[in-house]
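Notes for the structure review
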Amino acid sequence: MDILNINLEEYFGEIIDVYTQIFGNEYREIIEEKIKNADYVTYSTANDVSKYIIFLEDCKARELSIKFLKEIGIDVSKLEGKKLTEEVPNKIRRLITEYIGGYSGFTYKPEQNIIGIRAFDKNVQKENKEYMKEIIKNQVEFIYFLTGEDIYSEEELKKFLNTPRGKEIYKKIQKYIEIYNEIFKEYEEYLKSLEPLKEFVRDKRNSKEIEDVEFYEILSKLGDTEENRELVNSIKKEGRLFVIVKNRERPIMFYTAKEGGMLDYSMLHEFCHVIETQIENGKCVGSGFDTEEEKNPYRSDKRKYERLNENITDIFSVQGTRILHGKGKYLLEQELLTIDDLMEINTSKITKNMLMPFLKRYKKQIIKARITGCTKDLFDLIGEDNFEELNDCINQVDYLVAEENLSKNLKGKSKTTKRYEEELARLEKIYRDMEVFSSREEETR
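Keep in mind that what you see is a predicted model, and the values were worked out from it rather than measured.

Okay, the overall build of the chain next. Along the backbone of the chain there are 19 helices and five strands. Principal axes of the C-alpha set define a box for the chain whose edges measure 95 × 55 × 40 Å. The burial tally for the chain puts 49% of its 445 residues in the buried class. Look at the contacts in the chain between residues 6 or more apart in sequence, and 66% of them connect residues 24 or more apart. Distance from the positive charge centre (74 side chains) to the negative charge centre (88 side chains) of the chain: 4 Å.

Another aspect to go through is empty space enclosed by the protein. Over the atoms a probe the size of a water molecule is rolled, and this reveals where empty space is left. A full pass over the atoms with the stated rule returns one cavity of 30 Å³ or more. Its volume calculated, the largest cavity comes out at about 30 Å³. Residue lining of the largest cavity: Gly261, Met262, Leu263, Asp264, Tyr265, Thr321, His325, Glu333, Thr338, Ile339 and Leu342, and that is the complete set. Broken down by secondary-structure element, the contributors of at least two residues to the lining of the largest cavity are helix H13 (263–275) and helix H14 (306–326).

Size it by volume and the largest pocket reaches roughly 1,500 Å³. The wall of the largest pocket is formed by 42 residues, among which Arg240, Leu241, Phe242, Val243 and Arg303 lie closest to the centre. At the level of secondary structure, the elements contributing two or more residues to the lining of the largest pocket comprise helix H12 (226–238), strand E2 (242–244), H13, strand E5 (283–287) and H14. Within the lining of the largest pocket, the residues separate by chemical class into ten nonpolar, twelve polar and 20 charged.

Averaged over the chain, the pLDDT score is 92; the fraction of residues at 70 or greater is 98%. In the model of the chain, helix H11 (residues 208–222) stands out as the element of lowest mean pLDDT, 72, in contrast to helix H1 (residues 12–23), which has the highest, 98.

What follows is about the packing of aromatic side chains. By the definition in use, this model includes 23 aromatic pairs. Centroid distance phenylalanine 106 to tyrosine 180: 5.4 Å. Interplanar angle 40°. Geometry classified as tilted. On the criterion of sequence distance, the pair formed by phenylalanine 106 in helix H5 (residues 104–107) and tyrosine 180 in helix H9 (residues 164–193) is long-range, its members being 74 residues apart. Seen from their ring centres, phenylalanine 184 and tyrosine 187 are 5.9 Å apart, and the 45° between their planes marks the pair as tilted. With phenylalanine 184 and tyrosine 187 both in helix H9 and three residues apart, the pair spans about one turn of that helix. An aromatic cluster is present here, built from Phe68, Tyr99, Phe106, Phe120, Phe142, Phe145, Tyr170, Tyr176, Tyr180, Phe184 and Tyr187 joined pairwise through their rings.

A separate point is the environment of glutamate 141. With respect to the element layout, glutamate 141 can be found in helix H7 (residues 132–147). Counting along the chain gives twelve residues from glutamate 141 to serine 153, while the straight-line C-alpha distance between them is 9.8 Å.

Along the polypeptide, aspartate 290 turns up in the loop between E5 and H14. Among the polar contacts made by the side chain of aspartate 290, one reaches the side chain of arginine 303 at a distance of 2.5 Å. When near neighbours in sequence (up to four residues on either side) are disregarded, aspartate 290 contacts Lys246, Val285, Arg303, Tyr305, Glu306 and Asn309.

Right, let's talk about the pattern of salt bridges for a bit. Under the defined criterion, the tally for this structure stands at 41 salt bridges. Through salt bridges with shared partners, one network takes in Lys60, Glu63, Lys67 and Glu186.

An α-helical turn contains 3.6 residues, so any two residues separated by three or four positions project in the same direction. Helix length check: H9, at 30 residues, gives a terminal C-alpha distance of 45 Å against a target of 44 Å (1.5 Å per residue), a fit within 8%. Those residues of H9 hidden inside the fold are in contact with helix H3 (46–71), helix H4 (90–100), H5, H7 and helix H8 (154–161).

Right, let's talk about the sheet that holds strand E1 (residues 39–42) for a bit. Taken together, three strands build an open sheet; the order of strands is E1-E3-E2 and the sheet is mixed. Where the open sheet ends on each side, the last strands, each with one partner, are E1 and E2. Ignoring which end each strand starts from, the neighbouring axes of this sheet average 20° apart. Of the strand pairs in this sheet, E2 and strand E3 (residues 252–255) are connected by three bridges, and their pairing is antiparallel.

Calculation notes
Residues numbered from 1 in each chain as written. Predicted model: local features only at pLDDT ≥ 70, side-chain atom pairs only at ≥ 80, totals over all residues. Heavy atoms only, no water. Helix = DSSP H or I, 4+ residues; strand = E, 2+ residues; numbered from the N terminus. Buried < 20%, exposed > 50% of the residue type's maximum accessible area, 1.4 Å probe, protein only. Contact = heavy atoms within 4.5 Å. Lys, Arg positive; Asp, Glu negative; His and termini not counted. Charge placed at Lys NZ, Arg CZ, Asp CG, Glu CD. 1 Å grid on protein atoms, 1.4 Å probe; cavity = no way out; pocket = protein on both sides within 12 Å on 5 of 7 lines; lining within 4 Å. Points joined across faces, edges and corners; volume = space filled by probe spheres on them. Nonpolar A, V, L, I, M, F, W, Y, C, P; charged D, E, K, R; others polar. pLDDT = per-residue confidence, 0-100. Phe/Tyr/Trp six-rings, centres within 6.5 Å; stacked < 30°, edge-to-face > 60°. Polar contact = N/O pair within 3.5 Å; in protein donor to acceptor, adjacent residues only side chain to side chain. Salt bridge = Lys/Arg side-chain N within 4 Å of Asp/Glu carboxyl O. Expected span 1.5 Å × (residues − 1). Pairing = 2+ DSSP bridges. Axes fitted to C-alpha atoms, helices over the stretch in contact; angles between N-to-C directions.

As C-alpha cells, this is what we get:
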C-alpha cells in the first residue's frame, strides 16, 4: 500500500458493507448516501511519514532478529505466524539483546554495534578502536552468557580463548557473525524499498514550496478564511485525523497514515463519524451524540458529549476492523503489520468496558439515535436523565484516566481508585434505573 497516495474512494464498498453489518441492513442506503456525499482530503506530513518509516523499520528488525535466532539453532517455532507488531516473549527478547544488542542490532549501523557477537567482529573492532576497553568488557560478558565460564578480566578471556573449548566457542561466534551479516543484507534491501518515503520526507523538510502547495490544496476544500488557515496549520503540524461537520453543508474527512499498525482502524473510525453526521436546515450540526458545544465539566478542552461519543465510535470501529480482517481483507496495511489489540486506542479500555452493557442492551435504539439524530426512541426507553447521568459518569472516569493516570493505578488504593470505584457503583445504579424506566414504559404501552 502506498501511504503517500491513499484513495479513500477505493474502500467505499468495503466500508459500506462493514457498517451495514454493524448497524443493520435497514441503514444501508443511508450509510451509502452519507459516505458518497462527504468530502475527503488525504494528506501526508514529514513528521507522520517519518514516524511511519520508523514503525516499518522496527517491524522488519523484529522479524529479522527472530530469523537470526532461528538460523543459529534457537527454537522460535512458537513465534511462527505472529504479527510483526506483537512483542516477543521476554525470554526471546533477552536472547536477542544478548546476541546482537536487541532490535537495534539491525536499526543501527553494524559497525556501531559492539554488543554480543558484534564485539567479536574484526571489522567492528577496526571501526571502534577507541572503544576497545568496552568491546573487551562486552566479550567477557557474552562469553559468560554463552558458556557460564567464570571470566572476569581480559587476561582470563585470552586464556579461555586459547583453550580447545575456547577456540571452539570463538569459531561458533564467528559463524554467528556470518549469519548475522547475511541477514543484515536483507535488512539493507528492505531499506531500499523505503527510499520513496524517505525522499518524500527530505523533500518536505527542504522545500517550503511543496508545503505551500499542500496547504492551499487542503484550504481550498474548506474555504480561505483565517479560522480555516489556523485549522489547516494545526492539521499539517499535528497530522490530525478528524471529520469536520459543524456548519458545513456536508462533512469533510481528513485522513493521513498516522499510526503504524492501525490504519484500517483509524480510517473506519473517521468513516463512522461521517456515517453518523447529522444535518439540520441544510447544515451539519455534529456526529453521533456529539452535537452540543457545551464544555465538558472535567476536561475543559473537550465538549460535553465528546468522550461518550468517541468511546462508542471506537467500539464500532474496533468491531468493524475485526469484521474486515476476519474476512482476510486488509486495506491500508499488510496483515503482518497490523495490531490486533485496539481497545486502548484513542479512548481507554476502562471506559469502553463501562459502556458495553449499554451498547448490548440498547444497541438498536442507540444506532438509530446516532445515525438519524432522533433520540426519542432511546430516551423513551431509558430516560433522558439516565442518559445524562451515564454521560457524566463516563466523563468523570475519562478524566481519571487522562489526568489521574487511572490505568496504571487500578490495583492500588488511592483517591483516584476510590473515585473510580464510586463511579462504577454509580454506573450499576444508572443501568438499574434504565431497566426500571424501560420496564415502566413497557407496562404503560
